[in-house]
Amino acid sequence: MDLTFASLSEISEAVKSKKVSAKEVAAHFQKRIESLDPKLNAFTSHNPNALEDAESTDSRIAKGEDVGLLAGVPFGIKEMLCTKDLKTTAGSKILSNFVPPYDSTVVARLKKQGVTVMGKLNQDEFAMGSSNETSFFGAVKNPWDVNRVPGGSSGGSAAAQAARLVAGTIGTDTGGSIRQPASFCGIVGVKPTYGRVSRYGIIAFASSLDQAGPMVSSVKDAALTMEVISGHDPMDSTSSQKLVPAWSQKLSTDVKGVKIGVIKEYMKGGLDADTEKTFSESLNTLKSMGAEIVEVSVSMSEFAVPIYYLIATSEASSNLARYDGVRYGYRAEFSSLAGVELEDFYAKTRGEGFGQEVKRRIMLGTYCLSSGYYDAYYTKAGQVRRMLTEQYLAAFKKCDVILSPVTTSPAFKIGELVSDPLAMYMNDIFTTSTNLAGLPGMSVPFGASHAGLPIGVQVTANHFDEQRMLNVAAALESVSPVKGRKPHVI
Amino acid sequence: MSYRGYEPVIGIEIHVQLQTHSKMFCADATNFDAADNENVSPVSAGMPGTLPVVNKRAIEFGIKTGLALGCDIRRKSVFARKNYFYPDMPKGYQISQYEQPICENGKITFKVNGVDKTVNISRAHLEEDAGKSNHSGAHTLINLNRAGIPLLEVVTGPDLRSPAEAAEYGRTIRQIVRYLDVCDGNLEEGSLRCDCNVSVRKTGAEQFGTKVEIKNVNSFRFVEKAIEYEIERQIDELERGGKIIQETRLWDPDKNRTFSMRSKEDAQDYRYFPDPDLLPLIVTDQWIEQLRQELPELPIARAKRFHEEHSLPESDAQVLTIEKSVADFYEATAQASKNHKASANWIMSELMRELNTANMDIDKSPIKPAQLGKMIAMIDAGTISGKMAKSVFQEMWDSGKEPDTIVKEKGLVQITDTSAIEKIVDEVLVNNAQAVEDHKSGKKKNLFGFFVGAVMKASKGQASPDLVNKILQEKLK
């Protein structure tokens, strides 16, 4: 078996049937990380106990214990998710020394199913960014072209997965942070319905938008990982009680009679030619497979990016208040405490601990929530958000899933947009609405630019209708013109 | 009450610490005697990634208190974040209710110097407490045991008009939350914390004056004194032609004065917004009804009933209802004795005296209501005299034995047999012939008491005093 490109279930089956040990699998990927990651900067830290952890999976198998759906499968985890005894930094200086005393629910559930955690993956600081250039640990490079960004904020997860440094990764998505880098790196990335996956132990960026999800190499791997990490968690009040279906078992590529919605407001142009071509090919393909294309209207999507930035920054300004140097994380040095006021302590610690983009957003959010502006910004944004959600719900009465591009163009060059935050923010135009409405959405690779860069297509479904979303993605994947392409770095 | 032509306007905010076993938003314990930072989990410490989960019991305590204060209970209330930086506030915000509190529009009536006073409760909202900073030299040590303990903040309208009313209002709230068993009402330990908003205006004026907040006063006597001081201070200031500055002041009980803590000018912008980690709190009619059924009879209603149905004087009724445990004790005693007034008297005098001396709560009393009731019934039945009862009571207190056992063991049964008493009387009269002479001739006055005493002594105190009196009067005619 070629471990490098094996699917999650192939690895798990091989480990359980003792064709290969979990330790051998871990060692194989550890070697790949050692040789390839210096070119990518996808990993921020390695799990020093990965081999021992894998070994304990092996000994459990030897004892005949049930080791779960992902036995011995090596995973990389985004820095945003707390891992017990393993540094969790959110890509920030302010948490650069933080070692959580607990596992996030997502990581606990992966471990319960036998996953070997290989290490932590780089990201934009506090998941704020669309290019992975804001990390305290430096930019991540796109494995298809190391002069280009892998996308953000889960850029480390996307790059590690695309280069097969691990078999699976977990990212988080607040405004497109799983789907956009998945598209840029040619992998499958899923943002589940809000509430499907517990947020407990995921460092909060914008609580009402954040959701963790798989970033993997196939739709089936995505479905399987989703099964493992989804489900109600008593530690998260906003997590759903809905039962978790066996998505991977029910996966089907049959799209006959499935109504594919196209948002007419998205068809106004502004897409680069390759992206536009990929999108229209995906529509034609689905049509030829028996699906029906329906035009729907979500006029409020026009405001999605501004509403997103109002809500996300407001929540972030509050969520990031706890990083004050008092109890954990980075604390500024004071040559003498004499004359140092409390305010100075906070200002210096936060001033030194946070990067530019994070500070920009904290200030924006603080402004939006301040008295006198709250109604004009936060309240109004909330109202438009509700209208947007209603429009989506109305659209899903006419169609089963919505198809759209993921981004306006393939991966851009490192440094290209760094000085133009607004242009960078507009990169999220197709992805943010999904988070605002709490819908599930995913990116599946379906094309390539003339320069050979991957281009994905976004499938969005109604709340908790992940099965239909995954099925349409599986149909596209089965006939994808870019199937089997591998990035240059491998 | 007159204040040099001014009228004080007072509003009170009381933070009621709810006596739940776990914190408002996580499972950490809440015991007061825990070692420093013992009751702290990643959630209490505001660790990255942690999330709040609402404590159902705290909600129930909040609703019960709201119902007892005549509030409307919101079917949908919202937790908000109150953002500000402080080292003992781990998340950088406090979760509190802001625009949509769980209880609103209540009303409470109580007596101040015998007169009914009604105060509006504008709202009562749930929130979490902050931790505690202990300053030691150049360092500050932080204890987060208290961080996350549930509080219900009860807020009045600007309805109080005197320091006495304010203090009595505070006592009433304390009494109610103790009746409901939602708070131990211990001001010294901070279970109840009082903030007083005080302003003054010319008598008859419509508009309110500038208010000053006196924070964290830790006894109702101090509430009264602090407000009294503050009223005089504000009037002095106005009379001097000065202006009242809106500020927060603290009470110094040693110097008997308030002093400025911080001015409201640098007031924080708390940037309230609904906490996205918590869904709106939905309360069903059924749940509210169930909690209403669980409400005990409240002190004011109970005192009224004791006065009207038990024919106790108002003052007795009030004393007996200050604590639920005392009222319960009284009611059980009265039921056993069938004598309301005597039950009230024995509890308020003998029992209270013993309890106070022993520094003991009434529910720990070695004398149980049934025993005290039985003893009172024995007096009423003439089995023992009131005098004997005192020694029976003492013996009950010391040994916890049943009153009839004590009476039997000590042979304390009262002699009610007329012929037996007549015999003793005759003996006494024979032995004191001179005295009988003196009495009959009127030579000496007040000898009757001497004969009664002698008879009682001869009977070892067991003769029924009523009968002794009656027989003596006959024989000495």
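Predicted, not measured: the structure shown is a model, and the values here were computed from it. (Residues numbered from 1 in each chain as written. Chains lettered and ligands numbered in written order. Predicted model: local features only at pLDDT ≥ 70, side-chain atom pairs only at ≥ 80, totals over all residues. Heavy atoms only, no water.)

## Points about the overall build of chain A
Working step 1: A count of helices and strands for chain A gives 15 helices and eleven strands.
Working step 2: A compact globule built from 490 residues should have a C-alpha radius of gyration of about 23 Å, and chain A, at 21 Å, falls within 12% of that.
Working step 3: If one aligns the C-alpha atoms of chain A with their principal axes, the spans along those axes are about 75 × 55 × 45 Å.
Working step 4: Relative to its 490 residues, chain A shows a buried fraction of 64%.
Working step 5: Contacts in chain A between residues at least 24 apart in sequence constitute 76% of all its contacts with a sequence separation of at least 6.
Working step 6: Of the roughly 17,200 Å² that chain A leaves accessible, carbon and sulfur atoms contribute 53%.
Working step 7: Distance between charge centroids for chain A: 3 Å, based on 51 positive and 51 negative side chains. (Helix = DSSP H or I, 4+ residues; strand = E, 2+ residues; numbered from the N terminus. Rg over C-alpha atoms; globule rule 2.2 N^0.38 Å. Buried < 20%, exposed > 50% of the residue type's maximum accessible area, 1.4 Å probe, protein only. Contact = heavy atoms within 4.5 Å. Areas by Shrake-Rupley, 256 points an atom, 1.4 Å probe, with all protein chains shown as cover. Lys, Arg positive; Asp, Glu negative; His and termini not counted. Charge placed at Lys NZ, Arg CZ, Asp CG, Glu CD.)

## Examining the environment of Met442 of chain A
All names here are of chain A.
Working step 1: Along the chain, Met442 turns up in strand E10 (residues 441-448).
Working step 2: Judged by its relative accessible area of 0%, Met442 falls in the buried class.
Working step 3: Sequence separation between Met442 and Gly456 is 14 residues, and the spatial gap between their C-alpha atoms is 9.3 Å.
Working step 4: The residues touching Met442, leaving out its near neighbours within four places in the chain, are Arg179, Val188, Gly189, Val190, Val219, Val457, Gln458, Val459, Met469, Leu470 and Ala473.

## A word on the sheet that holds strand E5 (residues 188-191) of chain A
Residue and element names in this part refer to chain A.
Working step 1: Strand order in the open sheet formed by eleven strands is E1-E3-E2-E4-E6-E5-E10-E11-E9-E7-E8, and the pairing between neighbours is mixed. In this open sheet, the two edge strands, each paired with only one partner strand, are strand E1 (43-46) and strand E8 (292-296). Within this sheet the neighbouring strands show an average axis-to-axis angle of 30°, counted without direction.
Working step 2: Of the strand pairs in this sheet, strand E2 (residues 74-78) and strand E4 (residues 168-173) are connected by three bridges, and their pairing is parallel. Bridged to Phe75 within E4 is Gly168.
Working step 3: Running at roughly 110° to strand E9 (residues 401-405), helix H12 (residues 374-398) makes contact with strand E7 (259-263), E8, E9 and strand E11 (454-461) of the sheet. (Pairing = 2+ DSSP bridges. Axes fitted to C-alpha atoms, helices over the stretch in contact; angles between N-to-C directions.)

## Things to note about the side chain of Glu127 of chain B
Residues and elements named next belong to chain B.
Working step 1: As for its placement among the helices and strands, Glu127 is situated in strand E7 (residues 115-128).
Working step 2: Buried charge Glu127 goes without a salt bridge, the closest partner of opposite sign being Lys82 at 5.8 Å.
Working step 3: Only 3.2 Å separates the side chain of Glu127 from the side chain of His125, close enough to count as a polar contact.
Working step 4: Excluding anything up to four places from it in sequence, Glu127 contacts His15, Met24, Gln94, Ile95, Ser96, Ile149, Pro150, Leu151 and Glu153. (Salt bridge = Lys/Arg side-chain N within 4 Å of Asp/Glu carboxyl O. Polar contact = N/O pair within 3.5 Å; in protein donor to acceptor, adjacent residues only side chain to side chain.)

## Some thoughts on helix H6 (residues 314-321) of chain B
Working step 1: Those residues of H6 of chain B not exposed but buried are Asp316, Ala317, Leu320 and Thr321 of chain B. Projected down its long axis, H6 of chain B shows its buried positions confined to an angular sector of 120°, all on one face. (Arc of directions from axis to C-beta.)

## Focus: the interface of chain B and chain A
Working step 1: Counting residues at the interface gives 32 residues for chain B, matched by 38 residues for chain A.
Working step 2: Contact between chain B and chain A buries roughly 2,800 Å² in total, counting both sides, with carbon and sulfur atoms accounting for 60%.
Working step 3: Ranking the residues of chain B by area buried against chain A places Pro48, Phe85 and Arg271 of chain B at the top, with a combined share of 23%.
Working step 4: Our count for the contact surface shared by chain B and chain A stands at one salt bridge.
Working step 5: In this structure, Asp277 of chain B engages Arg199 of chain A in a salt bridge whose closest nitrogen and oxygen atoms are separated by 3.0 Å.
Working step 6: Inspection of the region where chain B meets chain A yields 16 residue pairs in polar contact (both at pLDDT 80 or more).
Working step 7: If you list the elements that add at least two residues to the side of chain B that touches chain A, you get strand E4 (79-83) and strand E15 (273-274) of chain B.
Working step 8: Taken together, the residues that form the side of chain B that touches chain A break down as 22 nonpolar, five polar and five charged. (Buried area = accessible area lost by both parts, 1.4 Å probe. Nonpolar A, V, L, I, M, F, W, Y, C, P; charged D, E, K, R; others polar.)

## Observations concerning the pairing of strand E10 (residues 150-156) of chain B
All names here are of chain B.
Working step 1: Burial of E10 is extensive: seven of the seven residues sit out of reach of the surface.
Working step 2: The alternating pattern of E10 places Pro150, Leu152, Val154 and Thr156 and Leu151, Glu153 and Val155 on opposite faces, both of which are buried.
Working step 3: In this structure, E7 lies alongside E10, joined through seven bridges in antiparallel fashion. By the bridge assignment for E10, Glu128 is matched with Pro150.

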